[in-house]
Structure formats: structure tokens, C-alpha cells
Amino acid sequence: MSRVGIGIRTATKRKERATGQIHVYDGTGKGKSQAALGVVLRSIGLGIEAGADTRILLLQFLKGSERDYDEDAAIAALRKSFPHLIDRVRTGRSEYFGKDEITDFDRAEAYRAWTVAKGAIYSDLYSVIVLDELSPTLDLGLLPIAEVVEMLQSKPNHLEVIVTGRDAPAALIEIADLHSEMRAHYHPEAAAQGIEGIEIYTGDGKGKSTSALGKALQAIGRGIGQDESHRVLIVQWLKGGTGYTEDAAIDALKKSYPHLVDRHRCGGDAIVWRGKQQEIDYIEAQRGWEIASSAIASGLYKTIILDELNPTVDLDLLPQEPIVRSLINKPEGTQVIITGRCFNTPAYFNIASVHSEMICHKHYADRGVDLRRGVDF
């Protein structure tokens, strides 16, 4: 997907790269593992659409099986739908530890994981490998950074590698083709009012809509493990055309869980330019908000994704006050995920319990590298 100004352009026709890239998602903000899972879902969806299997390895460092993690439910949802396409390996102990608390077990588990990674990288079985929490593993000194960097640099040409976790070492960032930092922002007003369940993903970096897709997977996975009532609604603004980055991923979700996923799209198949808004742009934006606000108030959905709401508000296509009021009064058990970049900060950012700004430090597209179906669109 390419962007000009704040508008959104479809990705229906473009050259496509064949070379896999190295992605690094790091930072203190939320959304790193979620973004990786979103890419996984998109890759699987495109593979299904194209009639070709896209095999994925999720290799997790520092995430032992004794503890539940946020992404466990999402991975369960993926593996239930696509058991032949997803492999998962968990390693390490389940509790946090510092450099002065490292044990022989920690070193052995890190090397076990890295042995699996090396075998997977050269097996030619996978099109995407996620090395979850590899960065803090390197920062702790559990693996030699030079060896890891050399191995990733010599990976097969087609393979896409996604590395997540805080404290990515400089040598890893140096070889990364994409480096997106998730920067956390805190809003005392939300904590003071006891507001929870509002998450915002914004900024110029990669990972906003893909993080939201990861949250959708989490909700569905929790429903599978409980009462299957975790319905997900995805409302998308400024996306009335076809060929957007998340289309195949959402289609895969709806095909696998038709009774749990609803999707509504609004807007035209054209960029909305600031100062050149058309009447239809306002009508479509309001139509989307009427659907979203009714859904929020209904309590029917456990997770509601408001994709590209931020630029819609930034373009003055929707007033802010009704959005703030609806979010403050939402049912306690409803989680609302809001995505999109914006130049002017909307008032509802102040009531976000989670606010991650995706900062783009490096992107292969800036070097003229073509995007890739199943990863970028």
C-alpha cells in the first residue's frame, strides 16, 4: 500500500518483490507480537487466495509453557483453522529475569531455540519465520549477536524473517530491511477515570492495522477456549475500494469463523485530500460511525476494530465529541481498537488505556524495494 498525504491508495496493481526481507519490531509500546501475527494471518490468507500453501514458523524465545501470554489465544485460533500451515515452538522459562539472574537453563533454552531457528531457515519449508522475543534474548547475552546476524544475512533469498521484542541490538537493526519502533504513550486521564479497553495504534511506521488483526485473532481465540461469544467487528473508513493490505487476512478470518467476524467498509475507491473533501466522503464517514457507535453501545461484540478512524477524524469527516462520548460509555467488557496515522491528535487519545505510536526508522520501500503480497499487501 502506498500513501500520498493522509489519503489511502489501493494496492490492486503493482510490481511485487520476490526477495524476502528482515523485519525488526521493537520498542516499549504494545503491538510487536501482534503485528507479527497480523503478517502471519495476511500471508496465510494470500496463500489460500492464490491456491498455494504458505507455511509459517512461530518460534518464541523467553516464553515458556508454564505461563499464558497475550498471543496464545491468537495462535490457537490460527492453528485451529490452519493446522497444516502453522508450526509453533516455545522455549525459555516463563518469568522475567535480568542479566544477573541468568541460569544454565536459560542459556540451554536459548541455544535450543536458535538450533531450531537455524534448521528452519535452511529447511526451505517456510515462507515466513517469526523469531518472537529474539531481541531481548540477544540483549541478555544468551546468544552471540555476531552469529545471529551472520545467519540472518545468509538466509534463503525468498524467506521473510520477522524479529520482535524490546532492546534490539544495534547490529541487528543495522542488517534489518525494516525497523519499526512501537513507542508507548501514557494518558493519566484514562487511568484517573478507570477507563480500560481502548487501544490506539498510530504513527508513520508499519504495524498499525496488522496489530489490530492480531487483536482480532486474540478475541476469537479466547472465544474458542470459552463460550465462542467473542464476536469481532471490523469497521473500515477510507477503504471503499478493493486490494487493501488486510483484505485477504480478513477474508481468511471470516471464512474460518463466519459466526464470529463481521466487517463493514465505507468510503470511496480514491484518496481523500485535505481541503478537497467531497460530500460523499462525509456521508460515507458518518455511515461508518453509525454502524460503529451502535455496535459499541450494543455490547454484542467483545472486540471492535475502528480501522483508519484517526485519519478520518483528522480530515474533519467526523466530529470528535460523539466519538469520545461513545468510548467513555462503552460496555465494560468491550474492547475498542483504533488505528491510523494523523497529524492532529484527536481528543479521544486522552482516554486510551493503550497508545502505541509506530515510528518508522527504516523501510525497504524507501530504498525502492517493491512490496510483497502476503506481507505488505
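Given the structure is predicted, the values throughout are model-derived calculations rather than measurements.

A. Looking closely at the overall build of the chain. Looking only at helices and strands, the chain has 12 helices and 12 strands in total. Looking at the 377 residues of the chain, the share that counts as buried comes to 58%.

B. Inspection of the pattern of salt bridges at higher detail. Taken as a whole, this structure holds 22 salt bridges when the rule is applied. Of the charged contacts in the structure, one is a salt bridge between E181 and R183, with a shortest N-O distance of 3.2 Å. A residue is classified by how much of its surface remains accessible, and E181, at 15% relative accessible area, is buried. Here E321 makes a salt bridge to R325, at a shortest N to O gap of 3.4 Å. With a gap of 4 residues between them, E321 and R325 both fall in helix 12 (residues 321-328), about one helical turn apart. Residue classification places R325 among the partly exposed positions, given a relative accessible area of 44%.

C. Structural view of the sheet that holds strand 2 (residues 56-60). Judged by pairing direction, the sheet is mixed, and its 12 strands sit side by side in the order 3-2-4-5-1-6-12-7-11-10-8-9 without closing on themselves. Of all the strands in the sheet, just strand 3 (86-90) and strand 9 (261-265) have a single pairing partner and so form its edges. Within the sheet, the average angular offset between the axes of one strand and its neighbour, ignoring direction, is 15 degrees. In this sheet, strand 4 (residues 128-132) lies alongside strand 2 in parallel orientation, the contact comprising 5 bridges. Paired with L59 across the two strands is L131, which belongs to strand 4. Across the sheet, helix 9 (residues 247-256) is in contact with strand 8 (232-236) and strand 9; its angle to strand 9 comes to roughly 145 degrees.

D. Fine view of the packing of helix 3 (residues 104-121) against helix 5 (residues 145-153). Two elements in contact, helix 3 and helix 5, have axes whose closest approach is 11 Å; the angle formed by their N-to-C orientations is 15 degrees. With respect to their mutual orientation, helix 3 and helix 5 come out roughly parallel. You can see that helix 3 and helix 5 cross each other, and the crossing is left-handed. Counting all contacts with helix 3, which are made through W114, K118 and I121, the residues of helix 5 involved are E147, V148, M151 and L152. Residue classes in the contact of helix 3 with helix 5 are distributed as 5 nonpolar, no polar and 2 charged.

The rules behind each value
Residues numbered from 1 in each chain as written. Predicted model: local features only at pLDDT ≥ 70, side-chain atom pairs only at ≥ 80, totals over all residues. Heavy atoms only, no water. Helix = DSSP H or I, 4+ residues; strand = E, 2+ residues; numbered from the N terminus. Buried < 20%, exposed > 50% of the residue type's maximum accessible area, 1.4 Å probe, protein only. Salt bridge = Lys/Arg side-chain N within 4 Å of Asp/Glu carboxyl O. Pairing = 2+ DSSP bridges. Axes fitted to C-alpha atoms, helices over the stretch in contact; angles between N-to-C directions. Contact = heavy atoms within 4.5 Å. Parallel < 35°, antiparallel > 145°, perpendicular 65-115°, else oblique. Left-handed = near helix turned anticlockwise from the far one by under 90°. Nonpolar A, V, L, I, M, F, W, Y, C, P; charged D, E, K, R; others polar.

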